[in-house]
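This is what each chain is made of:
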Amino acid sequence: MDTAIDTADTAAPLDMFAPSDPAPDEVIDWVAKSQSVHGIILGKAAAKPAVNSSAVSVCVRVRPVLPDERELIGKDIPGLTASSQFHIEYDAVVADSVSGKVHVLSEARKLGKPTGKIATQVFTPHHVFGPNETDDAVYNTSVSPLVAHALAGGASTVIAYGATGAGKTHSMTAVQRLAAAALLAGGQHKLRLSFFELRGEGCYDLLHEQRELVLRDDGTGDIVVCGLQQVEVSSEAAVEAALAQGNAARATAPTAANTCSSRSHAICQLQLVRLGAEGEAGAVGSLRLVDLAGSERKDTGNLTAESPERFEEMKAINSSLGCLKECIRLQLLRDTAADDTHVPYRRCKLTTLLKSSFVNHAVLPEAPPESVPRLCFLSHVAPLRSQVLQTVNTLTYTAQMVESSRADKEKAAFNEVDRWTGARVVAWAKALEGGKYAHVADCFARTSGKRLSHEWELDVCKWVTAAGGTEEEAHELFEAFQKMYKEAKRAQRGARPKQQIERIVEPCVVGGDFMADGPRAAVAE
């Protein structure tokens, strides 16, 4: 029998991200089954093992079902109902904060018809914040370490990403207020605040009448926003007034998902300055709070598609978000796998502006340990079934920053010896056993490490004897290379990180009842 989640004792919401009112009793079928899946997943949650720390922290926050959305639960989703399949609105996202996983629910179908089973797709970021998590909890877990790093003199960045209506601006507004209060609490520094937006190809000061700004390189590789003015704030009231002014001046426009969608990337920078210092010389630490424009899919952005201006705006926003994702993913790869891959932060204005967020900084003597992240990417998703396309798109975007892309995995399958050129193979042969085989080493100039690893011993013997060597020398060279190749491959297999992205199908509903053995998971290792 299905066991729906009991929400009768839920407390009154404290803010947008507090628990919502319970669903009406008459909601049944997919709604009841999805509620049972929520209960099973959360009931079996187990604490996840500790993960390796990194300079980049990737988090996901799931907002609750809003009061006006709760009225739609159990009803048909407009535009998605056909005679062969029924799409009913329900809470389709399970945020498992304990095990650090996000489950996206959908109806399992065969040939377009419902099978009566619930399928789930699982994403595993570094941290997960569910609908019950308050703004303070999100700040304490993901942002406060970056504030501590800024107080120690470092540079930290928090980036809020998500589709329109997913709650990222709500989170960032709270983070701005809490972070500024924490920076002021010490009383050892002055705090200067600047607030500007990146809209299309332009950059504008939100605190000074939308004055246009210019991005320039200062000659040392750092990007300077020329013309940007800072406001010194000495109290929480002054901070809230400046933040309210900046957020109100930000560009917005109606879209299919949100009647007041942010159409620009807003950057709030909090700069710490030593007491008594003047100008830029006294700057000791900084915290950037970036509220990105809402991402949107073309096939779900009806209002956007009808307006050429909105459509071009959507393309520019999605393009810059894609560049940002790639920069963060490559930075994460550098930190966790000691990879020296180039981070293309100059690919667009957004990543050029955030260059300092991706560059490794030396840890200062007063700074927290190296495990403290310097960048937090906070993704936001909405919970309803009608928004699953945007939710999966956001989570896939996020998961790609946690794990290497398929191309990176294919490259990782090639160990170092596989990438040897002919010249490298020749150099290896010349150096082997003190130069014993130097007189025949040039016969490997036209091969490569990958090719040589698959060559027959008889072919290698022909190369060596043609170069004036003996069959015995050919055998020794072949055996030495094969031994080195196998050892390198074994070492690489042991050092390869385990994959974090999981895809499972759980739990199954047969005839309205859950299977006796409970949910089944096939976890990709």
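Quick notes on the rules
Residues numbered from 1 in each chain as written. Predicted model: local features only at pLDDT ≥ 70, side-chain atom pairs only at ≥ 80, totals over all residues. Heavy atoms only, no water. Buried < 20%, exposed > 50% of the residue type's maximum accessible area, 1.4 Å probe, protein only. Helix = DSSP H or I, 4+ residues; strand = E, 2+ residues; numbered from the N terminus. Pairing = 2+ DSSP bridges. Phe/Tyr/Trp six-rings, centres within 6.5 Å; stacked < 30°, edge-to-face > 60°. Lys NZ or Arg CZ within 6 Å of the ring centre and 35° of its normal. Salt bridge = Lys/Arg side-chain N within 4 Å of Asp/Glu carboxyl O. Polar contact = N/O pair within 3.5 Å; in protein donor to acceptor, adjacent residues only side chain to side chain. Contact = heavy atoms within 4.5 Å. Expected span 1.5 Å × (residues − 1). Axes fitted to C-alpha atoms, helices over the stretch in contact; angles between N-to-C directions. Parallel < 35°, antiparallel > 145°, perpendicular 65-115°, else oblique. Left-handed = near helix turned anticlockwise from the far one by under 90°. Nonpolar A, V, L, I, M, F, W, Y, C, P; charged D, E, K, R; others polar. Core = buried A, V, L, I, M, F, W, Y, C linked by side-chain atoms within 4.5 Å. Arc of directions from axis to C-beta.

1. Regarding the pairing of strand S10 (residues 223-226)
Side chains of S10 alternate between two faces, with Ile 223 and Val 225 buried and Val 224 and Cys 226 left unburied. Pairing of strand S9 (residues 211-217) with S10, which is carried by four bridges, proceeds in the antiparallel orientation. Bridging across to S10, Leu 215 finds its partner in Val 225.

2. Some points on the packing of aromatic side chains
Applying the stated criterion to the full structure yields six aromatic pairs. Aromatic side chains Trp 420 and Trp 428 sit 6.5 Å apart centroid to centroid with 50 degrees between the ring planes, which places their arrangement in the tilted category. For Trp 420, a relative accessible area of 9% gives the class buried. Seen from their ring centres, Phe 481 and Tyr 485 are 6.5 Å apart, and the 15 degrees between their planes marks the pair as stacked. Residue Phe 481 and its partner Tyr 485 are located together in helix H15 (residues 471-495), separated by four residues, close to a single helical turn. Grouping residues by exposure puts Phe 481 and Tyr 485 together as buried. Taken together, the aromatic side chains of Trp 420, Trp 428, Phe 481 and Tyr 485 make up a single cluster linked through ring pairs. Sitting above the plane of the Trp 420 ring, Arg 424 keeps its charged end 4.2 Å from the centroid.

3. Some details on the pattern of salt bridges
A side chain of one charge can pair with a side chain of the opposite charge when the charged atoms of the two come close. Tallied over the entire structure, the rule returns 10 salt bridges. Notably, a salt bridge pairs Glu 197 with Arg 199, separated by 2.2 Å at the nearest N-O pair. Owing to a relative accessible area of 0%, Glu 197 belongs among the buried residues under this scheme. The class for Arg 199 is partly exposed, based on a relative accessible area of 29%. Two residues, Asp 217 and Arg 346, come together in a salt bridge whose shortest N-O distance is 2.8 Å. With Asp 217 in strand S9 and Arg 346 in the loop between helix H7 (308-337) and helix H8 (349-353), this residue pair connects regions lying 129 residues apart in the sequence. Classification of Asp 217 as partly exposed rests on a relative accessible area of 38%. You can call Arg 346 partly exposed: its relative accessible area is 49%. Here the salt bridges do not stand alone but share partners, grouping Glu 433, Lys 436 and Glu 476 into one network.

4. Quick look at the side chain of Thr 352
One can find Thr 352 in helix H8. Looking at Thr 352, its side chain comes within polar contact range of the main-chain oxygen of Cys 348, at 2.8 Å. Setting aside anything within four residues of it in sequence, one finds Thr 352 in contact with Ile 223, Tyr 345 and Arg 346.

5. Some thoughts on helix H4 (residues 168-185)
Compared with the 26 Å implied by 1.5 Å per residue over 18 residues, the 26 Å span of H4 between its first and last C-alpha is a close match. Within H4 the residues assigned to the buried category are Lys 168, Ser 171, Met 172, Ala 174, Val 175, Gln 176, Leu 178, Ala 179, Ala 180, Ala 181, Leu 183 and Leu 184. Within two residues after H4, Gly 187 carries a phi angle of roughly 75 degrees, on the positive side.

6. With respect to the sheet that holds strand S4 (residues 113-123)
A sheet is described by the order of its strands in space; here three strands give the open sequence S2-S3-S4, paired in antiparallel fashion. Looking at which strands have only one partner, the edges of the open sheet turn out to be strand S2 (93-96) and S4. Taken over all neighbouring pairs, the strand axes of this sheet differ in orientation by 25 degrees on average, direction set aside. Taken together, the four bridges between S2 and strand S3 (residues 101-110) define a ladder with antiparallel strand orientation. Looking across to S3, one finds that Asp 96 is bridged to Lys 101. In the packing of helix H1 (residues 30-43) onto the sheet, the strands contacted are S2, S3 and S4, and the crossing angle to S4 comes to about 35 degrees.

7. Points about the pairing of S9
Alignment of strand S8 (residues 202-205) against S9, held across three bridges, turns out to be antiparallel. Each residue of the ladder has a partner; that of Cys 203, found in S9, is Leu 213. Here S8 hands over to S9 after five residues, with Glu 209 in that stretch at a positive phi of 55 degrees.

8. Structural notes on the packing of H4 against helix H5 (residues 236-249)
Two numbers describe how H4 lies on H5: the axes approach to 10 Å, and their chain directions differ by 150 degrees. With respect to their mutual orientation, H4 and H5 come out roughly antiparallel. Relative to H5, H4 is oriented so that their crossing is right-handed. Where H4 approaches H5, its residues Thr 173, Gln 176, Arg 177, Ala 180, Ala 181 and Leu 184 are matched on the opposing element by Glu 236, Val 239, Glu 240, Leu 243 and Asn 247. Considering only residue class, the contact of H4 with H5 consists of five nonpolar, three polar and three charged.

9. Regarding the nonpolar core
In terms of nonpolar packing, the biggest core is built from 35 residues, with Leu 191, Leu 193, Phe 195, Leu 270, Leu 287 and Leu 289 touching the most fellow members. For this core, the secondary structure elements donating two or more residues are helix H3 (135-151), strand S6 (155-162), H4, strand S7 (189-199), H5, strand S14 (265-274), strand S15 (283-291) and strand S16 (375-381). When residues in this core are grouped by element, the largest group, seven residues, is from H4. If we skip the residues at most four places from it in the chain, Leu 287 touches Leu 146, Val 147, Ala 150, Ser 156, Thr 157, Val 158, Ala 179, Cys 268, Gln 269 and Leu 270. In terms of nonpolar packing, the next biggest core, distinct from the first, is built from 27 residues, Val 58, Ile 267, Ala 293 and Tyr 397 among them.

10. Thoughts on helix H14 (residues 457-466)
A turn of α-helix holds 3.6 residues, and therefore any two residues three or four places apart point the same way. Among the residues of H14, those classed as buried are Val 460, Cys 461 and Val 464. Looking straight down H14, one finds that the buried residues subtend no more than 105 degrees of arc, so they occupy a single side. In H14, the exposed positions angled more than 90 degrees off the buried face are occupied by Leu 458, Lys 462 and Ala 466. Note on H14: the residue one or two positions beyond its end, Gly 468, has a positive phi of about 100 degrees.

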